[in-house]
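# Understanding the architecture of this molecule
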Amino acid sequence: MRSLLLAVLAAYLIAAIHSILAFVNKRRSLQRVAEWSTAAGFVLHTGALIADWVIDGHYPLFFLRETLSFLAWALVAIYSLVLYRYRTQALGAFVMPLISVLTFVALIMGTNSLNDPTPFSATWLFPIHTTLFIFAYAFFFIVFVASVMYLLQERELKLKTFSAIFHRLPPLTTVNDLATSFASLGLTLLTLGIATGMIWSSTHYGHVWRNDPKEIFALLTWLLYFVLIIYRSSTTWRGRNAAWLGVVGFGLVLFTYLGTRLLGGYHVFG
Amino acid sequence: MSILLIGVNHKTAPVEIRERLAFNDEACANGLRELVDGVVVREGLIVSTCNRVEILGATATDQLEFSAGRVAEFLDTSGRLPAGFLEKHLYRHTDEQAVRHLFRVASSLDSMVVGEPQVLGQVRHAYSLAVEAGTAGRILNRLVHHTFRVAKRVRNETGIAASAVSISYMAVELGKKIFDSLKGCTVMLIGAGEMAELSARHLVNAGVSRVVIANRTEETARQIAEDFGATTVSLDQLDQFLSEPDVIICSTGAPDYVLTEERVRKALERRRNRPTCFIDISVPRNIDPAVSKVPNVFLFDIDDLESVISSNIREREREAERAELIVQSEVMQFQQKLRLMDVGPSIGALRQNMQEVARAELTRQRKRLGPLTKEQEEAIESLLMSTVNKISHPILNQMRRFYESNDADVDPKDPFGLEE
C-alpha cells in the first residue's frame, strides 16, 4: 500500500504548497487547487486505510506508523469541516504542511514491533477507543492553530504593527468561535475515548485504571480542556487567555500522544 | 484599422486644463457625433472623469496621422483653447499602446489612487454614451468588452483593491479584522464630523445594523441620525450607552480626552469584555491612549490609521505589479483577435491576385501582338491594371465596409452592392 500512500502524500504536498501560496498571494485560483488536491488526497487516503485494514487484517490504528497516517486523515476530515463551516482558508497554510509531514513520516516508518495487534483488534471496543482519541487530538490541533492565529492577530491589532500577515488572518471573532466549538467537540470525544478505554481495560485486565503515564497525562489533558471549556463558556469574552490555554493544552496533547513513550508503561504499543 | 487614444490625465495636465476639457453627457454625445465622421475617424468614445479626458478612436491605418491631428484639434476647440495649446499635455497612443492604456485605465492601474473602483464604472458609462451616439462600431465594441474582461480579471486575481486606502474606509477594514461579520454590529459616533459621518456610511453599507450618534449639539446629531435611521444620545448619557457599540468613532472638537481609561474599563465590563474597536480621528486626540491597555480594546488614532493606509498602499503597489502582467498578456491576446478581424491585408492580397492574373494573361497573349515599342507595352500594362483596379475597386470597397462595420445597410443577398 506504499504506492497508494505515496500518491496521497503527493496530493497533500500539492495542497500544502498551494495553501501556503494562496495564503501569501491571496489568489482564489491557488486556493481552489489546494482544495481539490486536498479532496483527492482524502479520497485516496481513505482508500489506503481501507486497503490496509483488509490486507493486514487489523484496524489500521495500532502501530505508531498507522496512528500517524490515521491522524493525518482525521486532520484532513476536520480541516474540511472548518472550511465548510468557517471558510477560514488561512488555516490550510498551517494544517496542510503538518498533514504532509505526518503522511511522510508514516510512509518512511517501518513496523518493527514485537506487539501483536490481533488480540486488541479482536474486540470492537479497542478500535473505537483509539479512533476517538485520534479525532480528539485532531480537534485539539485545530484549537491550537486557531488560538495561535488569535494571538497573532490580537497582537497586531494592539501594537498596530500591521505586517503582511495581518492582511491574511481571519477575524478575531471567527477564530475565537472556532477554538471554542472545536475545544468542546474535542473534549466530548476525549471523554468518550477515556470511557471506552476504561471499559475495555476492565474487561481485559480487570482494572479500570492502572496509573499508566499515558492514562495520567490523558486525564490531565482532559482536565485542562475541561477548564478551558468552562472558562470559555461563560458569557464574558475570554479571548487572549483562552487562546493561551488552547496553546498550552496542545503541548499536553503532544506529550500524551508521543512523549509518554519515554516514560514506558503498558500503553506503548507501536 | 488602427486604434488611437489621445487625452490628458492628472499626470500630464493640471486641473485648470482638465476642467476645461471635461465633457458632460450631452457634450459627450454631441462631440462624438461631430468628431466621428465615418471616414477619417470611423469610431469614437470619450472617457471624461475628474482625472482624465481621453478620446478613443478607430481609424484606417493609412489615415492614422491625419486622424490624430483631427482629434487633437477637436480637443482644442471643445476646450475653447488656442490651437496647439494642448500639445505638451496630450499623450498619444496608437494600436498596442492604446489598447494597453485603456486596459490599465479601466483596471485602475493609471488612477491617482491605484485600485479605486470608480473608474471602471466611468469607462462603462463612456461606452454606453458612445453606443447611444452610434459611434461605437466593430472595433470599439470588441475592445471595450475585452477591457471589461481585463478589469474583472485584475479585480479577481489580484488584491489591488482589497485593502482600504482612505481614513473613512479604515473603520470598515478594522471592523472586519475583529468581527467576522459587521451585520448585527452597532457603531457609535461621538461627535458628528464629516469624516465620522462618511465612516459610518461605509460601515452601514458593509452591513452594520445600528448607528448611535452622540453629539454636543443635539440638533446636528438629529439631522444626521435621520439619514441613517440612527438613534441619538446626549453626551451626558454617554456612559450609559458606551457598553453597546462594537465600533466607536470619535471626532469631537474637544480640547482634551473625552474617553478615559476608567470610563472605557467600566463600559467593557458591562459588555462582558467583548472586543471593541475605538477609532479616534480627532486632533487633539479625544481618547486617552491609555485606553489601549484595557484588554479587548483596540484603539487607533489618526496616525495609526495613516500608517495602515501607507502599508496598504504599498500592498496595492505590489499587487499592481501582478496586475501589469495580466494586462500585458491580455493586450497580446487582443492584438491577435484584432489581426483576425482586420480584413485590410486580405483585401490587399485579393487585389494583387487579380493584378497577377491580368499580367499572366498578358504574358500568355504577348506573342500574338507582335513587336511593340516600349511606350506601347507600357500602355497595355497600364490599361490592364487600371481596368482591373476600376472593376475591383467598388467590390473591394464594399467588402471592406461590410467587414469593418456592423452596418445593417449592407444587403446580405448582395453584400458587394453589384445590383445597384
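Residues numbered from 1 in each chain as written. Chains lettered and ligands numbered in written order. Predicted model: local features only at pLDDT ≥ 70, side-chain atom pairs only at ≥ 80, totals over all residues.

### Quick word on the overall build of chain B
- Looking only at helices and strands, chain B features 14 helices and ten strands.
- Rg of the C-alpha trace for chain B: 32 Å, well past the compact-globule value of 22 Å for 420 residues, more than 25% over.
- With 420 residues in all, chain B has 37% of them scored as buried.
- The long-range share in chain B, meaning contacts at least 24 apart out of those at least 6 apart in sequence, stands at 70%. (Helix = DSSP H or I, 4+ residues; strand = E, 2+ residues; numbered from the N terminus. Rg over C-alpha atoms; globule rule 2.2 N^0.38 Å. Buried ≥ 20, exposed ≤ 12 C-beta atoms within 10 Å, placed from the backbone. Contact = placed C-beta atoms within 7 Å.)

### Some words on the packing of helix H3 (residues 64–86) of chain A against helix H6 (residues 125–159) of chain A
All names here are of chain A.
- At a minimum axis separation of 9 Å, H3 and H6 run at an interaxial angle of 50 degrees. With respect to each other, H3 and H6 are oriented oblique. Seen along the crossing, H3 lies across H6 with a hand that is right-handed. For the pair formed by H3 and H6, the contact residues are Thr67, Phe70, Leu71, Ala74, Leu75, Ile78 and Val82 on the first element and Ile134, Phe135, Tyr137, Ala138, Phe139, Phe141 and Ile142 on the second. (Axes fitted to C-alpha atoms, helices over the stretch in contact; angles between N-to-C directions. Parallel < 35°, antiparallel > 145°, perpendicular 65-115°, else oblique. Left-handed = near helix turned anticlockwise from the far one by under 90°.)

### Focus on the pairing of strand E6 (residues 210–215) of chain B
Residues and elements named next belong to chain B.
- Most of E6 sits out of view: five of its six residues are buried.
- Here five bridges tie strand E5 (residues 186–190) to E6, and the two strands are oriented parallel to one another. Residue pairing in the sheet places Ile190 in a bridge with Ala214 of E6.
- In terms of handedness, the path from E5 via helix H8 (residues 194–205) over to E6 forms a crossover that is right-handed.
- Where E6 lies against strand E7 (residues 231–234), four bridges are found, and the strand directions are parallel. By the bridge assignment, Ala214 is partnered in E7 with Val233.
- Handedness of the E6-helix H9 (residues 218–228)-E7 crossover: right-handed. (Pairing = 2+ DSSP bridges. Right-handed = clockwise from strand over helix to strand, strands pointing away.)

### Describing the sheet that holds strand E2 (residues 41–48) of chain B
Residues and elements named next belong to chain B.
- Read across the open sheet, the four strands follow the order E2-E3-E1-E4; overall the sheet is antiparallel. Lying at the two open borders of the sheet, with one neighbouring strand each, are E2 and strand E4 (91–94). Each strand of the sheet is rotated relative to its neighbour by a mean of 15 degrees, with strand direction disregarded.
- Contacts from helix H3 (residues 64–78) reach strand E1 (2–9), E2, strand E3 (52–59) and E4 within the one sheet, and its direction differs from that of E1 by about 30 degrees.

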